[in-house]
Amino acid sequence: MSERSGKVQTVLGFIDPAELGYTQPHEHLLVILIPALQREEAVGEEIRMDNLGWNRQNWTSNPENLRVTSEEDLIEEMRDYKEAGGGAVVELSLTDIARDPEGMARISKATGVHVIMGAGYYVQPYHPPEVESMSEEEIAEEIVRDVIEGVDGTGIKSGIIGEIGLNWPIHDNEAKVLRASARAQQETGAALNIHPGRTSAGPMEAMRIVMDAGGDPERTVMSHIDRTLFSLEDMLELAQTGCYLEWDLFGHEASYYPLAPIDMPNDAVRIDYIIKLIEAGYRDKLLISQDICTKVQLKKYGTDGFSHILKNVLPMMERKGMSQEDIEIITVKNPARMLTFK
């Protein structure tokens, strides 16, 4: 048994799982969603009241919207989140989307919100060039170092693997990273979070890769159910693998989705699916979050920021018949179990 077993590893060190409280398991505090080689030339337009609506609808089109780098703004966001009842966030920005361990630690210290940091690589267009030549074993060793020793000499350690990025079809390097992540999961006892390709076949194919590589499906989280699976039948098939199903786009209320020709659900529809999964016996494998990764999702730009679920979604869950026990299990107990090292 390792020193990690039975504990959660935050950017400030180990804590007891019971200390987490209400947790959003898929967020980004400091992130740049622009491939590193394109960042210098990617110049955007300042976000103003007269273009705010356009930026919300076309959130991938303005490079300025894709740079969330102000610690001051995020400290204010996390203070509001804590005041609303938030205890922890899982920060899944990886090295190829400008992961900032020291920034995360400063935000956590300033606000008292527990921050759990990810490890690994995002989708192939963001990979640094060296990933192409790295072996599966080398990638696994790097992820293990992030968890056991810390990131880039900072001593700040990752507490989860992911979000490991996949496109569709899955690129060879993405599959290599996912297999390496499953190997690192075996060695460290950490949970594994997957960003699946935008197709209903994506999650099951990702789980096949994880299981073939010896990963633990019971400790694997499938992100972005909201934009990937659109039938209860597909959701139940995925749930039968044992993985966590994560609805992490709460707050995206527009049906328009700029990254794929799909009709996005709203928060009420997300809750309806969650209720059906609870009725089917999968309450212990459900997670919810907001995946904040752009400026226009922040409170500074007129939303409820990271507090949206706490302020708006939980009351809607109650109105739709979910019990306090249901809500506590999905927002407190499930994240704590998922984040606890084996």
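Residues numbered from 1 in each chain as written. Predicted model: local features only at pLDDT ≥ 70, side-chain atom pairs only at ≥ 80, totals over all residues. Heavy atoms only, no water.

1. A word on the pairing of strand 7 (residues 114-117)
- Taking every second residue as pointing to the same face, both faces of strand 7 are buried, with H114 and I116 on one and V115 and M117 on the other.
- Two elements, strand 6 (residues 88-91) and strand 7, share four bridges in a ladder whose sense is parallel. Each bridged residue has a counterpart across the sheet, and for V89 the counterpart in strand 7 is V115.
- Regarding the hand of the β-α-β motif, the stretch spanning strand 6, helix 3 (residues 101-111) and strand 7 is right-handed. (Buried < 20%, exposed > 50% of the residue type's maximum accessible area, 1.4 Å probe, protein only. Helix = DSSP H or I, 4+ residues; strand = E, 2+ residues; numbered from the N terminus. Pairing = 2+ DSSP bridges. Right-handed = clockwise from strand over helix to strand, strands pointing away.)

2. Quick word on the nonpolar core
- In terms of nonpolar packing, the biggest core is built from 91 residues, with L29, L178, L245, W247, I274, M317 and M322 touching the most fellow members.
- Excluding residues that lie within four positions of it along the chain, L245 makes contacts with M222, I225, M235, L238, A239, L277, K285, L286 and L287.
- One finds V8, V221, A336 and L339 within the second-largest nonpolar core, a separate group that totals 15 residues. (Core = buried A, V, L, I, M, F, W, Y, C linked by side-chain atoms within 4.5 Å. Contact = heavy atoms within 4.5 Å.)

3. Here's the deal with the sheet that holds strand 6
- Strand order in the open sheet made by the three strands is 3-6-7, with parallel pairing throughout. Looking along the sheet, the strands with just one partner apiece sit at the ends: strand 3 (23-27) and strand 7. Ignoring strand direction, the axes of neighbouring strands in this sheet form an average angle of 20 degrees.
- The pairing of strand 3 with strand 6 spans three bridges and is parallel. The residue of strand 6 that forms the bridge with Q24 is V89.
- In the packing of helix 3 onto the sheet, contacts are made with strand 6 and strand 7, and the angle to strand 7 comes to roughly 165 degrees.
- Packed onto the sheet, helix 10 (residues 324-339) meets strand 3, strand 6 and strand 7 and runs at close to 60 degrees relative to strand 3. (Axes fitted to C-alpha atoms, helices over the stretch in contact; angles between N-to-C directions.)

4. Some thoughts on unusual backbone geometry
- The amide bond that connects G162 to the next residue, E163, takes the cis arrangement and shows omega of 5 degrees.
- One can find E163 in strand 8 (residues 161-165).
- Between W168 and P169 the backbone carries a cis peptide bond, its omega angle lying at -5 degrees.
- Of note, P169 is situated in the loop between strand 8 and helix 5 (172-188).
- Phi at D152 is positive, roughly 50 degrees, even though this residue is not glycine.

5. Quick word on the pattern of salt bridges
- What the rule picks out here adds up to 20 salt bridges.
- R79 is the salt-bridge partner of E76, the closest N and O atoms lying 3.3 Å from each other. With E76 and R79 both in helix 2 (residues 71-84) and three residues apart, the pair spans about one turn of that helix.
- Between R283 and E325 there is a salt bridge; the shortest N-O distance is 3.8 Å. Here R283, found in the loop between helix 8 (267-279) and strand 12 (286-288), pairs with E325, found in helix 10; they are 42 residues apart in sequence, far enough to count as distant.
- Where salt bridges share partners, they join E45, R48 and D50 into one cluster. (Salt bridge = Lys/Arg side-chain N within 4 Å of Asp/Glu carboxyl O.)

6. Structural notes on the sheet that holds strand 8
- Strand order across the open sheet formed by five strands is 8-9-10-11-12, with parallel pairing between neighbours. Looking at strand neighbours, the two that pair on one side only are strand 8 and strand 12, the edges of this open sheet. Adjacent strand axes in the sheet meet at a mean angle of 25 degrees, parallel and antiparallel pairs treated alike.
- Where strand 9 (residues 192-195) meets strand 10 (residues 220-222), three bridges bridge the pair, whose relative direction is parallel. Residue pairing in the sheet places I194 in a bridge with M222 of strand 10.
- Here helix 8 sits on the sheet in contact with strand 11 (244-247) and strand 12, set at roughly 160 degrees to strand 11.

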